Structures are given as structure tokens and as C-alpha cells.
Amino acid sequence: MKISVTKSNSDKVVTDLLALPLSSGELENGAEEKLAAFGFDRQVLKDFKAEAGEVIVLYGGSGNFSAARVVLLGLGEAKTSEEWRKAAVAFASKAVEMKIEKIAVDCSCIANLAAVSLQSVSSLAAIFVEGCFTGSYRFERLKSGKLDKKKSKEKSKEIAELILRVDSAVFDETEDGVAAGKIVGSCQKMARDLVNLPGNYLQAEDISKAAEESGKKYGYDVTVFHKKEIESLGMGGLLAVNKGSFHPPTFTILDYKPKGKAKSVVALVGKGVTFDSGGISIKPSEGMGEMKSDMSGAATVLGAVEAAARLKLPLRVIGFIPATDNMPGSKAQTPGDVITTYSGITVEVGNTDAEGRLILADALTYATEKYKPDVLIDLATLTGACIVALGYSVAALFSNNDKLSDDIYQSGQLSGEKVWRMPLWDLYDEQIKSDVADVNNTGGRGAGSVTAAKFLEKFIDGHKNWAHIDIAGPAFTPSKSAGKVSGGTGFGVGLLVELLKKWS
Ligand code: BES
Ligand code: MN
Ligand code: ZN
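None of these values were measured; they are calculated from a predicted model.

Examining unusual backbone geometry
Okay, step 1: In this structure, alanine 78 is a non-glycine residue whose phi angle is positive, near 55°.
Okay, step 2: If you trace the backbone, alanine 78 turns up in the loop between β4 (70-74) and α3 (81-97).
Okay, step 3: Alanine 78 sits in the buried class, given a relative accessible area of 16%.

This is how it looks when you write it as C-alpha cells:
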């Protein structure tokens, strides 16, 4: 997507589709003038409520303007950046639906909105650009198109050009925001692509390759441990989960170091289960295909490290990705097995479907022991119980540090990727006691997300600044959800970037 900023009058912007953002307040005052400038009748306002994300396409008008079509774009009350993001997503989505490749938006309101929403102009510009990436995203790589009869059913076109029209006073700031938004938007897109690739297109080795490519392109170090090295390190959790697999596991380390002295060292750990069948404790077949998304944490970590490198943030950001699929078979681990993790802690495998915590255990200990990070954060599609608790839009946050927890919560609000904190009280340890090993990987019926987090906590070696984010719900939109593009969402990339910026 080519993105540019212009100061020329909105009626002079040459584009296929020009958005005129309108707030509900402006419907009473100001909307008429905006419409009149383009020669549209105020009658259209009867059908437009300016709800955030509402879109109406207008044709005709006076003809004295350079856009082929105009849309009214609802901003709601225009008080929050969330409404602004929602509008951008809806606008870009509409453009893709209409197969329009060149779009523009009149951002004359951006300075005002910045003042009201207490955000900088550059943040708002970045949000609009990110929203356009989000709204225009479609995953059609695996469609050949051979069975499509109608031309209208052709693959959607990507948006080729986006123009933001602003007043000259905020031109430079807008340009800065556009540059940042483009980076974050494209990292989110990369994460979504990885999530959407099914198991037969994306195995552990492919995740490592994607990391290596990104590292080469954006100048950070990537180290990949293959099966031999994982064995000699004694990563018993990752190896146990991989036992039933035809494909070898990998452990990938993405290490971005800033030019000067790093303000702090941030470790990000992402669950990379390329497909989760449940193993011998096999899952029911309905919806099992969605478990291609069980590497969403890994995709988010890759997206966030790449974004940190491209934004040249003054932090050292290190990603850790343990990757494998989880398959049944005669070689697979079986319920009741006792394994020894990288930490030396032994685990009774009560359920082979609680595999994420086994591979994360090794990664968390490795990250803490070898890198002594100031902050340790893991992201994982860890429990179905998390979806029961918080649904498909919100992630569960667990942390042993109130300050870190607050920072993550705030970054979630800013990025629109919401998290809600859950407890880590020791009383939950009761549920994961084992008769034969140090700990059990399952905790029975109640509080499934909490017992999973309590399990992970055993492997951070007393780290005082750790957070676990269970993204099982928001990482992937099932195809039955109305009005949403199905598939991977890239959830967490935006949140982590906000968080890293906060610490920069
Ligand atoms: N990957 C799943 C969790 C999941 C479920 C993510 C649905 C997204 C949507 C995880 O590996 C899993 O199977 N967890 C089990 C744990 C249980 C066996 C203790 C679960 O949630 O049922
Ligand atoms: Mn599982
Ligand atoms: Zn899983």
C-alpha cells in the first residue's frame, strides 16, 4: 500500500473513493457545508446517523471535484481513538468490497480529534493507517479462482494507494504517524498470514524460516535450534509434544538490539503449535481445523519483534518461539507420562491436549536463565476456558507485577486489543498437584485459564516482572462470526508495540 499525505483541498484530491469523516455532532452543525462543498444535497443526512464505522457511498454531486466517488464515514461522537480506528477499518473494508484500489480520506478533523481524544496527531494518523490495513485484509492466497464463473467473484484486490488530506499545520506530524502506522499495519498483516496458513503449509521449520527472512530484511539476529540442539539442551517439554509428529520441532530466537545502549531487555515468548489435534487426548473433530491457529502467539511475537526493529525502538527485544505440531500416533506421548522439562522440573502429563504449557515451560526457563530479561511476557492460545470467560474479543492477562499489569492494560486500551486481568493466587496450585511428579499439566474442570497460568509460573525461576497473555479468543475469528472477516487477527502486535513504545 502506497501511502501519502497531501495539503491540497479535499475537492482537489484525485482518487477513486474519498472519505469525508463526520461525527454525530456535525450532523446538526457542519455536515451541510461539507456536503455543499461537493454539491450533495442534505437529504442524504436523513439516512446517515454517523455511527462509528457507518459508511454511505454518494454518487453525483456537483461534479466539481476530483474524486470519482465520495463516502460519508461515521465517527460516532468522535471522542475516542477507538471510533477513529473503527471508521478506518470500515472504510477500507468497503473499498475492498467495491474493488476500489485508490482511496483517500479527508483528515481535516484530525487536530480537533487529537485534542478531544488526548492523543497526538501522529498517533491518530498511525491508527487510521493501521485500520486500513486491518479492514482491507483478506486471505486469498490459497484460492486458485478456477471455479469462479463471474468476474465479480475474482479475488479481492489489495488497496494500492491511500492518501490522507490534512491541514498544513499538522502535515509533518501526520507523515510521522503514517510511517509508523505502515510498519505496524504490515507486521499485523504478516502475523495474520502466518496464522491463516494451515498445518500443511506451515510447520515448525517454516516459522523459523519466516523469522530468519524477517531478521535478514530488518537487521536483527535470528538463531534457530533444530531437533539435535533441542535434544542436547534437554528441552523435554518441547520434545514430548513433538513425539507424535512427523515434522521436527524448532526453537527460534529473534534478537533485536538497538544502536545505542538499550533502555531495557524485553523477552517475548510465543506459543508456536502449528496444529493442535490434542494428541492422544484427541480433540472432538468439530472445529478442529481452527487449531491451525495455535501458533498465533508465535506469529504475534514475530510481528512485534519485526515492528520493534523497523521502528528502531531503543529497547532490546528478544523473541522466543518453541514450535511443533501436536499429533497422536504410536510414537506420541501418552497421558500419565512423566517428562523432565528444561528446568529440571518434572511434569505428569495428565492430558496431552494441554501441550502449550509444556513447550512454553521450556521457553520461559530458557529466556530467563540465558538472557536475564527485565521483563518477561508470553502470549499463547492456551485455553478454551479463556474463551468461556472472556469471549472472542478480549484476552486474559495474568501477571505477578501490578505495574506491568497496568502498563499492559493501558496498551491494550490504546491499541484496541483489550485485556482483562485474572488472578494468580496460590490457592489454585492445589488443582495442579501431582502424586508422581512435581506438577501436573492439567487442573481439572474449574478455572482452566488460571491453572494454566499457575503452571507457567513454575517455570519463570522467580522472575519478578512476568506476564502471561492468553489470546485463545481474540487471536482467531471463527468463520461463523457475522460481520467480521474470519481467520487470524494478529491480536497482540498492536498491544506489544504500544507497550514497547511506552518503555522507549
Ligand atoms: N490450543 C488449545 C486451546 C484453545 C482452544 C485455543 C480453543 C483456541 C481455541 C490448548 O492447547 C488446549 O487444548 N487446551 C485445553 C487444556 C485442557 C486439556 C486442560 C483446553 O482448553 O481444553
Ligand atoms: Mn491443546
Ligand atoms: Zn494448543
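Structural notes on the sheet that holds strand β17 (residues 439-440)
Okay, step 1: Taken in spatial order, the three strands line up as β12-β13-β17 in an open sheet, and their pairing is mixed. Each edge of the open sheet is held by one strand with a lone partner, namely β12 (338-340) and β17.

Considering the nonpolar core
Soluble globular proteins tend to bury their nonpolar side chains together.
Okay, step 1: Leu268, Leu302, Ile377, Ile408, Ile469 and Trp503 are the most contacted members of the largest nonpolar core, which totals 54 residues.
Okay, step 2: In terms of residue count, the dominant contributor to this core is helix α10 (residues 296-310) (nine residues).
Okay, step 3: Shared between two domains, this core holds at least three residues of each, these being domain 1 (2-188) and domain 2 (222-502).
Okay, step 4: Counting residues in hydrophobic clusters, the runner-up holds 47 residues, among them Leu358, Phe398, Met422 and Tyr428.

So, the coordination of the zinc ion (ligand 3)
Okay, step 1: For the zinc ion (ligand 3), the full set of protein donor atoms is Lys271 (NZ), Asp276 (OD), Asp294 (OD) and Glu355 (OE), and the range of their distances to it is 2.0 to 2.4 Å.
Okay, step 2: Metal-centred angles of 79 to 176° between the six donor atoms at the zinc ion (ligand 3) mark the site as octahedral.
Okay, step 3: In this structure, the zinc ion (ligand 3) lies 3.1 Å from the manganese ion (ligand 2), and both are coordinated by aspartate 276. Of this pair, aspartate 276 sits in strand β10 (residues 272-276) while aspartate 294 sits in the loop between β10 and α10; the two residues are 18 residues apart in sequence, bridging distant segments of the chain.
Okay, step 4: Judged by its relative accessible area of 2%, aspartate 294 is buried.

Regarding the packing of aromatic side chains
Okay, step 1: Inspection of every chain in the model, using the stated rule, returns 14 aromatic pairs.
Okay, step 2: Relative to tyrosine 366, the ring of phenylalanine 251 lies with its centre 5.3 Å away and its plane at 75°, an arrangement referred to as edge-to-face. Here tyrosine 366 lies in helix α11 (residues 356-371) and phenylalanine 251 lies in strand β8 (residues 250-256), a separation of 115 residues in the sequence. Of the two residues, phenylalanine 251 and tyrosine 366, neither departs from the other in class, the shared state being buried.
Okay, step 3: Taking 5.2 Å as the distance between ring centres and 70° as the angle between the ring planes, the aromatic pair formed by phenylalanine 320 and tyrosine 371 counts as edge-to-face.

Topic: the coordination of the manganese ion (ligand 2)
Okay, step 1: Around the manganese ion (ligand 2), the donor atoms from the protein are Asp276 (OD), Asp353 (O), Asp353 (OD) and Glu355 (OE), and they sit 2.1 to 2.2 Å away.
Okay, step 2: Between the six donor atoms coordinating the manganese ion (ligand 2), the angles at the centre fall across 72 to 168°, so the site counts as irregular.
Okay, step 3: Read from N- to C-terminus, the donor residues coordinating the manganese ion (ligand 2) fall into the pattern D-x76-D-x1-E.

A closer look at the side chain of glutamine 203
Okay, step 1: Within the secondary structure, glutamine 203 is located in the loop between α6 (171-196) and α7 (204-218).
Okay, step 2: For glutamine 203, a relative accessible area of 12% gives the class buried.
Okay, step 3: A polar contact is formed between the side chain of glutamine 203 and the backbone oxygen of glycine 199, at a distance of 3.1 Å.
Okay, step 4: The contacts of glutamine 203, once residues within four sequence positions are left out, are His247, Thr274 and Asp325.

Looking at the site of ligand 1
Okay, step 1: Around ligand 1 sit 17 residues in total, of which Lys283, Asp294, Asp353, Glu355 and Gly384 are the nearest.
Okay, step 2: Within the contact set of ligand 1, an oxygen atom lies 2.9 Å away from a side-chain nitrogen or oxygen of aspartate 276.
Okay, step 3: In the model, a nitrogen atom of ligand 1 is placed 3.4 Å from a nitrogen or oxygen of the leucine 382 main chain.
Okay, step 4: Protein contact buries 77% of the 520 Å² of open area that ligand 1 shows by itself.
Okay, step 5: Partitioned by chemical class, the residues of the shell around ligand 1 number five nonpolar, five polar and seven charged.

A few points about helix α4 (residues 110-117)
Okay, step 1: Of all the residues in α4, the buried ones are Ile110, Leu113, Ala114 and Ser117. Projected onto a plane normal to the axis of α4, the buried residues spread over an arc of 105° and lie on a single side. Exposed and facing more than 90 degrees away from the buried side of α4 are Asn112 and Ala115.
Okay, step 2: Structurally, α4 contributes buried residues whose contacts are with α3 and α5 (121-136).
Okay, step 3: Downstream of α4 by one or two residues, leucine 118 has phi in the positive range, about 60°.

Definitions and limits used
Residues numbered from 1 in each chain as written. Chains lettered and ligands numbered in written order. Predicted model: local features only at pLDDT ≥ 70, side-chain atom pairs only at ≥ 80, totals over all residues. Heavy atoms only, no water. Helix = DSSP H or I, 4+ residues; strand = E, 2+ residues; numbered from the N terminus. Buried < 20%, exposed > 50% of the residue type's maximum accessible area, 1.4 Å probe, protein only. Pairing = 2+ DSSP bridges. Core = buried A, V, L, I, M, F, W, Y, C linked by side-chain atoms within 4.5 Å. Domains from an automatic or database assignment. Donors = N, O, S within 2.8 Å, 3.2 Å for Na, K, Ca; no water. Tetrahedral: all angles 85-135°; square planar, octahedral: opposite > 155°, others 65-115°. Phe/Tyr/Trp six-rings, centres within 6.5 Å; stacked < 30°, edge-to-face > 60°. Polar contact = N/O pair within 3.5 Å; in protein donor to acceptor, adjacent residues only side chain to side chain. Contact = heavy atoms within 4.5 Å. Near = heavy atom within 4 Å. Areas by Shrake-Rupley, 256 points an atom, 1.4 Å probe, with all protein chains shown as cover. Nonpolar A, V, L, I, M, F, W, Y, C, P; charged D, E, K, R; others polar. Arc of directions from axis to C-beta.

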